[in-house]
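Residue-level listing of the chains:
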Amino acid sequence: MLVMAVPALASCGSGFRFGAPDPVSEQGKEVLGLWNGFHWVALGVGLLIWGLVLYSVLRYRRRNDELPSQSPYNIPVEIAYTVVPLLIVIALFAYTVVGEQKVTALADDPDVVVDVVGFQWSWQFSYPEEDVTVESDGVTFPRLVVPVDSTVRFRLRTADVIHSFWVPEFMVKRDLIPGIDNEIDVDVVQEGEWTGRCAEYCGLDHYRMDFTVAAVPDGEYQAWLDEQRSASEEQP
Ligand SMILES: [Cu+2]
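Parameters and conventions
Residues numbered from 1 in each chain as written. Predicted model: local features only at pLDDT ≥ 70, side-chain atom pairs only at ≥ 80, totals over all residues. Pairing = 2+ DSSP bridges. Helix = DSSP H or I, 4+ residues; strand = E, 2+ residues; numbered from the N terminus. Axes fitted to C-alpha atoms, helices over the stretch in contact; angles between N-to-C directions. Buried ≥ 20, exposed ≤ 12 C-beta atoms within 10 Å, placed from the backbone.

A. Spatial organisation of the sheet that holds strand β6 (residues 163–167). Strand order in this open sheet of five strands is β4-β10-β9-β6-β7, and the pairing throughout is mixed. Single-partner strands in this sheet number two, and they are β4 (143–147) and β7 (172–176). Between one strand axis and the next, the sheet turns by 25° as a mean value, whatever way the strands run. As paired strands, β6 and β7 are joined by five bridges and run antiparallel to one another. Following the sheet pairing, F165 is matched in β7 by R174.

Written out as structure tokens, the structure is:
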């Protein structure tokens, strides 16, 4: 019953998230569904166990020297408590595989491609199709801008050690590993501005590896690209 209830429970009450952020991407909504589903199942199992413990403590508390009835080798009970958890684990595993495939799927033709390079201690974002590159100005964190309601492909490379590209509200995260070409697609479905972070401890100044990410309407995105291009032309 618990396991059957996972999709229903996961879809209802989008406000209740067991401490997770409010996801702003398609992938994040998928992750949130799993997150909530797992928690509801765990809560159901927990309530059952707590209930049984409480019942046993009260019902069989010591009243005299007689022991309560003992039932060793109760085969049906032993089969039940082996099979039921196994079924729960199999179902949760299946939901995870399906969800994970949706989250890690790559579009045939993403709308925007961003090359992300992580290095000690910041990020460089370049838009190869737009001839635009952004980095930190040394004072503020680098700013990544993407159009809302489009598929953004992040190609993740590191210039040195392992870093991890993470925007908590996207609810997706992927490591940048030397020698490995990682890619993720994110469909940002909400306008806004958030803080991204390096989620892999990469050395003493790891804490400096924040960045800003903004999702804006397409017109604003194009204007921002133009602005970046003219700003780079002005530089000697
Ligand atoms: Cu890092």
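So, next bit.
B. Broad picture of unusual backbone geometry. Each neighbour pair has its own omega, and for Q120 with W121 the value is 15°, a cis peptide bond. When you line up the elements, W121 lands in the loop between β1 (112–119) and β2 (122–127). The phi torsion at F18 lies on the positive side, around 50°, for a residue other than glycine. Residue placement: F18 occurs in the loop between α1 (5–11) and α2 (26–59). When the 12 C-beta atoms within 10 Å are taken as the criterion, F18 is described as exposed.

C. Spotlight on the environment of T96. Inspection of the secondary structure puts T96 in helix α3 (residues 75–104). Taking the C-beta count within 10 Å as the criterion, T96 has 13 such neighbours and is therefore assigned partly exposed. As for T96 and W35, which are separated by 61 residues in sequence, their C-alpha atoms are 9.7 Å apart.

Treat this as a map of the structure, not an account of what it does.
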